[in-house]
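Here is what each chain is made of, one letter per residue.
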Amino acid sequence: MSGGEVAGILVAVFWAILVSFLAVALARLAQTLRATTKLVADVTDQAVPLLADASSAVRSAQTQIDRVDAIASDVQEVTSNASALSTTVASTFGGPLVKVAAFGYGVRRALGGRKEGAPAGPAKEPRRTVIVGRTIPAARRTKRKKD
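Cut-offs and rules
Residues numbered from 1 in each chain as written. Predicted model: local features only at pLDDT ≥ 70, side-chain atom pairs only at ≥ 80, totals over all residues. Heavy atoms only, no water. Salt bridge = Lys/Arg side-chain N within 4 Å of Asp/Glu carboxyl O. Helix = DSSP H or I, 4+ residues; strand = E, 2+ residues; numbered from the N terminus. Buried < 20%, exposed > 50% of the residue type's maximum accessible area, 1.4 Å probe, protein only. Expected span 1.5 Å × (residues − 1). Bend = angle between axes of the 7 residues up to and from the residue.

Can you walk me through the pattern of salt bridges in this structure?
Where side chains of opposite charge bring their charged atoms close, a pairing between them can arise. Scanning all chains against the criterion turns up one salt bridge. With a shortest N-O distance of 3.8 Å, Lys-38 and Asp-42 are connected by a salt bridge. Placement of both Lys-38 and Asp-42 in helix 1 (residues 3-112) is noted, with a separation of four residues, approximately one turn of the helix. Overall, Lys-38 belongs to the exposed group, its relative accessible area being 55%. Exposure remark for Asp-42: the relative accessible area of 34% places this residue in the partly exposed category.

Would you take a moment to explain helix 1 for this structure?
Structural remark: α-helix, 3.6 residues per turn; residues separated by three or four positions point the same way. Compared with the 164 Å implied by 1.5 Å per residue over 110 residues, the 142 Å span of helix 1 between its first and last C-alpha is markedly short. Of all the bends in helix 1, the greatest, near 40°, is centred on Phe-93, and the proline Pro-96 appears no more than four residues after it.

If you want it as structure tokens, here you go:
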């Protein structure tokens, strides 16, 4: 056998080994692609119903948001009506009620201060009369209690 024949056999063996490795790699790649295809099909089968459910949930949520929006607008209208009513009542009855209360307080104060000879007003000190720069104490009106 000549050197060229040995080299040819070595190249042929090398190519046979290379083709075998490539065949194994291609077989494993084909197996991986089949598994990936099956996984994508399973995900698609499960995703379609999930997307339908999600779409239904979004539609339901939109319906509920529309209802809440209607309720909020009704509440806003009721609030503005209550505010207007409050303003009307305050302007109609507020002034006269304050005047009546002030009058009642004044009458009660005037009548309450005159009982049993007590001086009018809440002052606890006796009244003093001021005469141009001098102060003269008022006479004692209360009697001392005997112990």
